[in-house]
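Summary of the model geometry
Given next are the chains, with one letter for each unit.
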Amino acid sequence: MTADEDRHAIVRDSVIADLREQAHRLAQDGLGASEIEQRLVHQGQTTPERALAKSLALAAEAGARHMRVAEILDSETLAEQLRERGVREPD
């Protein structure tokens, strides 16, 4: 790789990492994939860049959904364990 290609790769990877982080933050805030995509896409982007934004938005939404499910399952498991030990939940 030439020095210019190396610089381009570094900038590209940084931009992708920033977009991924932004998508995850928006998903954690409860936004859906289409809303996330709209916030990631801006005028002047190429078709592959818009496709990447859509892919990142879908992945972020799915990841946030899985985290919410895991939290619910963890809380249900804890509640079950407490019931088995005879601990009452607060009223």
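Anything mentioned here points back to the structure above.
Structural notes on the overall build of the protein
- When its secondary structure is counted, the protein shows three helices and zero strands.
- If you list the helices and strands of the protein from N to C, you get α-α-α.
- Against the compact-globule benchmark of 12 Å for 91 residues, the protein has a radius of gyration of 20 Å, which places it well outside the compact range.
- For the protein, the spread of C-alpha atoms along the principal axes amounts to about 65 × 30 × 15 Å.
- In the protein, 46% of the contacts between residues at least 6 apart in sequence involve partners at least 24 apart.
- Separation of charge centres in the protein, based on 12 positive and 18 negative side chains, amounts to 2 Å.

Section: the side chain of Q45
- Residue placement: Q45 occurs in the loop between α2 (33-40) and α3 (47-84).
- At 3.0 Å, the side chain of Q45 forms a polar contact with the backbone nitrogen of H42.
- The contacts of Q45, once residues within four sequence positions are left out, are L40 and R50.

Side note on the nonpolar core
- By size, the foremost hydrophobic cluster in this structure holds 13 residues, and its most contacted members are A23, A27, I36, L40 and L56.
- Elements supplying a minimum of two residues to this core: α1 (3-28), α2 and α3.
- Per-element tally for this core: the top contributor is α3, with five residues.
- When residues no more than four places from it in sequence are discounted, the contact partners of I36 are A23, L26, A27, L31 and A57.

Quick word on α2
- Those residues of α2 lying buried are A33, I36 and L40. When α2 is viewed along its axis, its buried side chains cluster within an angular range of 65° and face the same direction. In this structure, α2 carries Q38 and R39 as exposed residues pointing more than 90 degrees from its buried face.
- Contact partners of the buried residues in α2: α1 and α3.

Let's talk about the pattern of salt bridges
- Counted according to the given criterion, the structure contains four salt bridges.
- In this structure, R12 engages D13 in a salt bridge whose closest nitrogen and oxygen atoms are separated by 3.3 Å.
- The partner of R65 in a salt bridge is E61, with the nearest N and O atoms 3.7 Å apart. With R65 and E61 both in helix α3 and four residues apart, this pair spans about one turn of that helix.
- Exposure remark for R65: the relative accessible area of 40% places this residue in the partly exposed category.

About the thresholds
- Residues numbered from 1 in each chain as written.
- Predicted model: local features only at pLDDT ≥ 70, side-chain atom pairs only at ≥ 80, totals over all residues.
- Heavy atoms only, no water.
- Helix = DSSP H or I, 4+ residues; strand = E, 2+ residues; numbered from the N terminus.
- Rg over C-alpha atoms; globule rule 2.2 N^0.38 Å.
- Contact = heavy atoms within 4.5 Å.
- Lys, Arg positive; Asp, Glu negative; His and termini not counted.
- Charge placed at Lys NZ, Arg CZ, Asp CG, Glu CD.
- Polar contact = N/O pair within 3.5 Å; in protein donor to acceptor, adjacent residues only side chain to side chain.
- Core = buried A, V, L, I, M, F, W, Y, C linked by side-chain atoms within 4.5 Å.
- Buried < 20%, exposed > 50% of the residue type's maximum accessible area, 1.4 Å probe, protein only.
- Arc of directions from axis to C-beta.
- Salt bridge = Lys/Arg side-chain N within 4 Å of Asp/Glu carboxyl O.

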